[in-house]
Amino acid sequence: MKRIGNLYDSIISIENLKLADIKARKGKRNQYGVIKHVKNEEENIQKLHETLVNRTFKTSDYKVFKISDGKEREVYSLPFYPDRILHHSIMNILEPIFVSMFTADTYSCIKGRGVHKASYNLRKALKDVNGTK
């Protein structure tokens, strides 16, 4: 397996943090944490960048709550700023690397792939084999 190094600078770059902020906000503009963050967006991104450069970033405390949709579950949630922005920032850099290492028959949690594509490719593969129904 090929080693890929020096990714930290790419992850913590201001441009990547801004892109991550946009992706993390998508569909959440009315949430309290997002509204609060948008008021000081540039300053917040700069502060996050500085804590990452200084390597003083600490993950916030999780907020734990229970949901019940037929089955009761505990949900662990982090605040929008800075944690979710950082998560998106990391995935902006690592996701293309991970996906390129997966086999062509990996479908779960990959954009553009999923259950329907897996089903289609399985039917196509079985069709080419004699005696399958």
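The next subject is the layout of surface pockets. In this approach, a probe sized like a water molecule rolls over the atoms, and the result shows the empty space that is left. Its volume calculated, the largest pocket comes out at about 350 Å³. Taken together, 15 residues form the lining of the largest pocket, with Tyr32, Gly33, Pro79, Phe80 and Tyr81 sitting closest to its centre. Listing elements by their share of the lining of the largest pocket, those giving two or more residues are helix H3 (32-39), strand E1 (63-68) and helix H5 (80-101). Among the residues forming the lining of the largest pocket, the class breakdown is six nonpolar, six polar and three charged.

In summary, soluble globular proteins display a tendency toward joint burial of nonpolar side chains. Residues Leu17, Leu48, Leu52, Phe80 and Ile85 are the most contacted members of the largest nonpolar core, which totals 13 residues. Breaking this core down by element, the ones donating at least two residues are helix H2 (14-25), helix H4 (41-53) and H5. The element best represented in this core is H5, accounting for four residues. Contact partners of Ile85, with chain neighbours within four places excluded, come to Leu17, Ala20, Asp21, Ala24, His37, Ile45, Leu48 and Phe80.

A separate point is the pattern of salt bridges. Side chains carrying opposite charge are able to pair once their charged atoms draw close together. Using the criterion set out here, one finds seven salt bridges in the structure. Across the pair Asp21 and Arg25 runs a salt bridge whose closest N-O atoms are separated by 2.8 Å. With Asp21 and Arg25 both in helix H2, this residue pair falls four residues apart, about one helical turn. The exposure class assigned to Asp21 is buried, which follows from its relative accessible area of 1%. In this structure, the salt-bridge partner of Arg73 is Asp69, at a minimum N-O distance of 3.1 Å. One continuous salt-bridge network, built from bridges that share partners, spans Asp21, Arg25 and Glu41.

The rules behind these values
Residues numbered from 1 in each chain as written. Predicted model: local features only at pLDDT ≥ 70, side-chain atom pairs only at ≥ 80, totals over all residues. Heavy atoms only, no water. 1 Å grid on protein atoms, 1.4 Å probe; cavity = no way out; pocket = protein on both sides within 12 Å on 5 of 7 lines; lining within 4 Å. Points joined across faces, edges and corners; volume = space filled by probe spheres on them. Helix = DSSP H or I, 4+ residues; strand = E, 2+ residues; numbered from the N terminus. Nonpolar A, V, L, I, M, F, W, Y, C, P; charged D, E, K, R; others polar. Core = buried A, V, L, I, M, F, W, Y, C linked by side-chain atoms within 4.5 Å. Buried < 20%, exposed > 50% of the residue type's maximum accessible area, 1.4 Å probe, protein only. Contact = heavy atoms within 4.5 Å. Salt bridge = Lys/Arg side-chain N within 4 Å of Asp/Glu carboxyl O.

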